[in-house]
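As a plain string of letters, each chain reads:
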Amino acid sequence: MEQTRVIDKSRGVLVAISGGADSVALLHYLVSNGYYCIAAHCNFHLRGDESDHDELFVRQYCDSLSVPLHVAQFDTKAYAQERKLSIEMAARELRYQWFFKIIEQEKLQGVAVAHHADDAAETFLLNLVRGTGIRGLTGMKPKAGRVLRPFLHYSRQDIELYCRAHKLKYVTDSTNASDAYTRNRIRHNVIPQLKTINPSFLATMRGNMEHLNQIFAMFDSQVKQLSKRAVVELDGQTLIAMEHIKQLPLSEPFIFELLFPKGFNSDVVRKIARCVDEERWGRIFFSPKYRAIVDRYNIVVVPRDKDVEDKEFDIEQDKLEMFTPIHLEIRQFPMPSDFKFSRDNNLAHFNADKLYFPLTLRRWRNGDTFRPLGMKGFKKLSDFFVDQKMSRVQKEDVWVLESGGEIMWIVGQRIDDRFKVVEGCKEVLEIRIVKE
């Protein structure tokens, strides 16, 4: 068996070893051919005693090869729950974060993993089902940054033959037999059927992925050129200029490449592209961490803050400062004889005699009304925003302050006439927005 020359023999390499046939063969092959290896094993504690048995096997195997071994113990379920990840994604994050730390500590060239041709085909089909775009169909790379895959052109069958030829023992993960995981269902049910149709399925897939890689390289070059012209990062927002998007013969593939890294899936991108094509402005779309607003001039992508999006914040009468969701400084003082209204939108004064505590700070909602300072009638906030020529992004970021269920301040914009400081007022409440 010849490896694919992705590892520099003059430098040490970390080898990820689970104890399964693939990683056992990889470590054996590299050590037998004179590579300096340090091994790393992750105990994810997902299979009870079986996980501990695998760890013991790896320790004994590395001892037999005189290979230094690092072992990490992970509470994978707790990590997944804390970050709202699948177990598979949590395990992936944990192991690669740890691998890269060892690489830095030991000054190694990278981590060798035992991915093979079957894994590459499974990943292709997984990405096809998930809708990851053309990027996800280009397949695994023999070298991707510090991740090295020397066995990528060999099949699982080739590796098992290698193990038999060298009388290598290995452990079998019991979860590999379960169809609870999507990858396993593809492995057990889909790929065998494809191999009956085309016995050279893996070789055909390798050729397909190489062709897609070439096509993607050309497409990616165009995406990067478009990004230089059309994408601007400004104050934590990503602005994708509509004038450039509208010039494209097909906007959806480009929008997908720009938005997929921020978690927008293919279905959402399709809807965004339709809004662009049909000039339906003002629509908002969400990914787990971002929201995208399609306005007349830009697709605007801003981070979501789920902790504050729908939350209400109380301000008690004795509160002097708050930091979330807005940094405010608050003070109350007797009405001075020479009181003057503030002309600064970040500084507001209210007739404290009219207020009911606690005050409530919340996002504005459709249907909200208030009486703008100097007016006798009520106005919808949505109409007020139009008058102020506020963009959809600016509207989405508006907070309102309430007293007794009535809006007293469009924060940073306008106070309500009913709560203004008037002659005869005894106490004044002052609230200042602190700009960081």
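Here, the structure is the one placed above.
Residues numbered from 1 in each chain as written. Predicted model: local features only at pLDDT ≥ 70, side-chain atom pairs only at ≥ 80, totals over all residues. Heavy atoms only, no water.

Quick look at the environment of Leu125
Reasoning step 1: Summarising the element assignment, Leu125 is placed in helix H5 (residues 117–130).
Reasoning step 2: Separated by 12 residues in the primary sequence, Leu125 and Leu137 place their C-alpha atoms 8.1 Å from one another.
Reasoning step 3: Residues in contact with Leu125, not counting those within four places in the same chain, are Ile186, Val190, Ile191 and Leu194. (Helix = DSSP H or I, 4+ residues; strand = E, 2+ residues; numbered from the N terminus. Contact = heavy atoms within 4.5 Å.)

Here we look at the packing of aromatic side chains
Reasoning step 1: Going through the model one piece at a time under the given rule, you end up with 18 aromatic pairs.
Reasoning step 2: Pairing Phe74 with Trp98 gives two aromatic rings, centres 6.2 Å apart and planes at 80°, and the pair type is edge-to-face. Of this pair, Phe74 sits in the loop between strand S3 (69–73) and helix H3 (76–83) while Trp98 sits in helix H4 (residues 87–106); the two residues are 24 residues apart in sequence, bridging distant segments of the chain.
Reasoning step 3: Its relative accessible area of 13% is what places Phe74 among the buried residues.
Reasoning step 4: Classification of Trp98 as buried rests on a relative accessible area of 16%. (Phe/Tyr/Trp six-rings, centres within 6.5 Å; stacked < 30°, edge-to-face > 60°. Buried < 20%, exposed > 50% of the residue type's maximum accessible area, 1.4 Å probe, protein only.)

Side note on the side chain of Ser266
Reasoning step 1: Tracing the chain through its elements places Ser266 in helix H11 (residues 266–278).
Reasoning step 2: In this structure Ser266 touches Gly131 and Phe256, once residues within four positions along its chain are discounted.

Remarks on the sheet that holds strand S13 (residues 321–322)
Reasoning step 1: Strand order in the open sheet made by the four strands is S13-S14-S22-S15, with antiparallel pairing throughout. Of all the strands in the sheet, just S13 and strand S15 (347–351) have a single pairing partner and so form its edges. (Pairing = 2+ DSSP bridges.)

Thoughts on the sheet that holds strand S6 (residues 147–148)
Reasoning step 1: Reading across the sheet, the six strands line up as S3-S2-S1-S4-S6-S5 and stay open at both edges, with mixed pairing between neighbours. Lying at the two open borders of the sheet, with one neighbouring strand each, are S3 and strand S5 (143–144).
Reasoning step 2: Sheet topology note: the strand S2 (residues 37–43)/S3 ladder contains five bridges and is parallel. Bridge assignment links Cys42 to a residue of S3, and that residue is Ala72.
Reasoning step 3: Against the sheet, helix H2 (residues 49–65) engages S2 and S3, with an angle of about 170° to S2. (Axes fitted to C-alpha atoms, helices over the stretch in contact; angles between N-to-C directions.)

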